[in-house]
Amino acid sequence: MNVEPSFANVMYTVLPITLANVFHMFVVKSNRLQSLAWPIDRGKSWRGKRIFGDHKTWRGLSVIVLTTALFCLWQSIAENFAPHLREYNLISYSAVPWWQVGACWGLGYALAEFPNSFAKRQIGVSAGKGRAGVIGAILVFVDQADSAIGVAVASMWGLGLSAEAALWIAIYCTALHLVINFLLGLSKVRKRAL
């Protein structure tokens, strides 16, 4: 890590995974790449309930990983043309290649959602649905935090960021995920605001 983690540093650093998430929502909303939109669990069940559900697809995994890598490439090119941007990045593309950053973040983001999806299916919450009350509030928070924690863990274990930087990534990205999903819900790109 070449700088201390601040709000601006974290937001700039994770811009590629943020843009990939927004892009993924538009792919889903516009029903693109249907040939990849089949469930990762292949419709299988465990204890009579779906493992992950219809919303965890190969399309989602592929789009998140590939577009995160492409946005990392874009960010690294931007930093070559405007070297002062490197001061804001917690990742050094000269030390870690853009494709590795993209793969780590994309996989961390996508795979971290699986345990939560599995747990929700097992307690009877259908894919894409919410639940009322305290349980519902906890599920909303976990829905937003799981992928942020996945990105944070991938940043620490796969990219060598400090535990402090990873913690700030988890905190800021959870808040950012809440805001983005709320805005995507208001604009009808997502079915639910949260």
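These lines cover the structure that appears in this document, whether it is placed above or below. None of these values were measured; they are calculated from a predicted model.

A closer look at the environment of valine 151
Next, step 1: In this structure, valine 151 sits in helix 6 (residues 133-157).
Next, step 2: Valine 151 gets classed as buried once you look at its relative accessible area, which sits at 2%.
Next, step 3: Note: C-alpha distance between valine 151 and leucine 107 (44 residues apart in sequence) is 8.2 Å.
Next, step 4: Valine 151 has contacts with Ile17, Trp105, Gly108, Tyr109 and Ile169, leaving out every residue within four places of it along the chain.

Examining the packing of helix 3 (residues 58-81) against helix 4 (residues 98-111)
Next, step 1: Helix 4 packs onto helix 3 with a crossing angle of 145° between their chain directions and a minimal axis gap of 8 Å. Helix-helix and strand crossings are classified by hand; for helix 3 and helix 4 the assignment is right-handed. Taking contact as the criterion, the partners of Leu61, Ile64, Val65, Thr68, Ala69, Cys72, Leu73 and Ser76 in helix 3 are, on helix 4, Trp98, Val101, Gly102, Ala103, Trp105, Gly106, Leu107, Tyr109 and Ala110.

Describing helix 3
Next, step 1: Along its 24 residues, helix 3 runs 35 Å from first to last C-alpha, staying within 8% of the 34 Å computed at 1.5 Å per residue.
Next, step 2: Looking at where helix 3 begins, the residue whose side-chain oxygen comes 3.3 Å from the main-chain nitrogen of arginine 59 is threonine 57.

Quick look at unusual backbone geometry
Next, step 1: Within the chain, asparagine 31 stands out as a residue other than glycine whose phi angle is a positive 60°.
Next, step 2: Of note, asparagine 31 is situated in the loop between helix 2 (15-29) and strand 1 (45-46).
Next, step 3: Not every positive phi belongs to a glycine, and leucine 33 is a case in point at roughly 55°.
Next, step 4: Position of leucine 33 relative to the elements: it lies in the loop between helix 2 and strand 1.

Examining the nonpolar core
Next, step 1: One finds Ile17, Val101, Trp105, Leu159 and Ile169 to be the most contacted residues of the largest nonpolar core, which totals 26 residues.
Next, step 2: At the level of secondary structure, the elements contributing two or more residues to this core comprise helix 1 (7-13), helix 3, helix 4, helix 6 and helix 7 (163-186).
Next, step 3: Counting residues per element, this core draws most heavily on helix 7, which supplies six residues.
Next, step 4: In contact with isoleucine 17, other than residues within four places in its own chain, are Ile64, Thr68, Trp105, Gly106, Tyr109 and Val151.

With respect to the pattern of salt bridges
Next, step 1: All told, the structure shown has four salt bridges when counted by the stated rule.
Next, step 2: In this structure, the salt-bridge partner of arginine 50 is aspartate 41, at a minimum N-O distance of 2.7 Å.
Next, step 3: Residue lysine 56 is joined to glutamate 113 by a salt bridge in which the shortest nitrogen-to-oxygen separation is 3.5 Å. Linking lysine 56 in the loop between strand 2 (49-50) and helix 3 with glutamate 113 in helix 5 (residues 113-122), this pair joins segments that are 57 residues apart in sequence. Judged on exposure class, the residue lysine 56 and its partner glutamate 113 are both buried.
Next, step 4: Three or more residues are tied together by salt bridges with common partners; here these are Asp41, Arg50 and Asp54.

A short note on helix 2
Next, step 1: Compared with an ideal rise of 1.5 Å per residue, which puts 15 residues at 21 Å, helix 2 spans 21 Å between its outermost C-alpha atoms and is within 8% of the ideal.
Next, step 2: Its buried side turned inward, helix 2 meets helix 1, helix 3, helix 4, helix 6 and helix 7.
Next, step 3: At the exit of helix 2 stands asparagine 31, carrying a positive phi of roughly 60°.

What counts and how
Every chain is numbered on its own, with residues counted from 1 as its sequence reads. Reporting in this predicted model follows two pLDDT cut-offs: at least 70 for local features of residues, and 80 or more for side-chain atom pairs to be given and counted; totals over whole chains, interfaces and linings ignore these cut-offs and use all residues. To get the side-chain values, take all heavy atoms of the structure and skip hydrogens and water. Numbering of helices and strands runs from the N terminus, with a helix taken as a DSSP run of H or I at least four residues long and a strand as a DSSP run of E at least two residues long. The buried label applies to any residue whose accessible area, calculated with a 1.4 Å probe on protein chains only, is under 20% of its type's maximum; exposed applies above 50%, and partly exposed to all values in between. Between two residues, a contact is recorded if the distance between any of their heavy atoms is within 4.5 Å. To get an axis, fit a line to the C-alpha atoms, keeping to the stretch in contact for a helix; angles then go from 0 to 180 degrees between the N-to-C directions. By the definition used in this description, the sense in which the near helix is turned from the far one sets the handedness, with an anticlockwise turn below a right angle giving left-handed and a clockwise turn giving right-handed. In this analysis, the expected span of each helix is defined as 1.5 Å times one less than the number of residues it contains. Under the rule applied, a polar contact is a pair of N or O atoms within 3.5 Å (in protein, one hydrogen donor and one hydrogen acceptor; residues adjacent in sequence only if both atoms are side-chain atoms). Grouping buried Ala, Val, Leu, Ile, Met, Phe, Trp, Tyr and Cys residues that are joined through side-chain atoms within 4.5 Å yields what is termed a nonpolar core. A carboxyl oxygen of Asp or Glu within 4 Å of a side-chain nitrogen of Lys or Arg is what we treat as a salt bridge.

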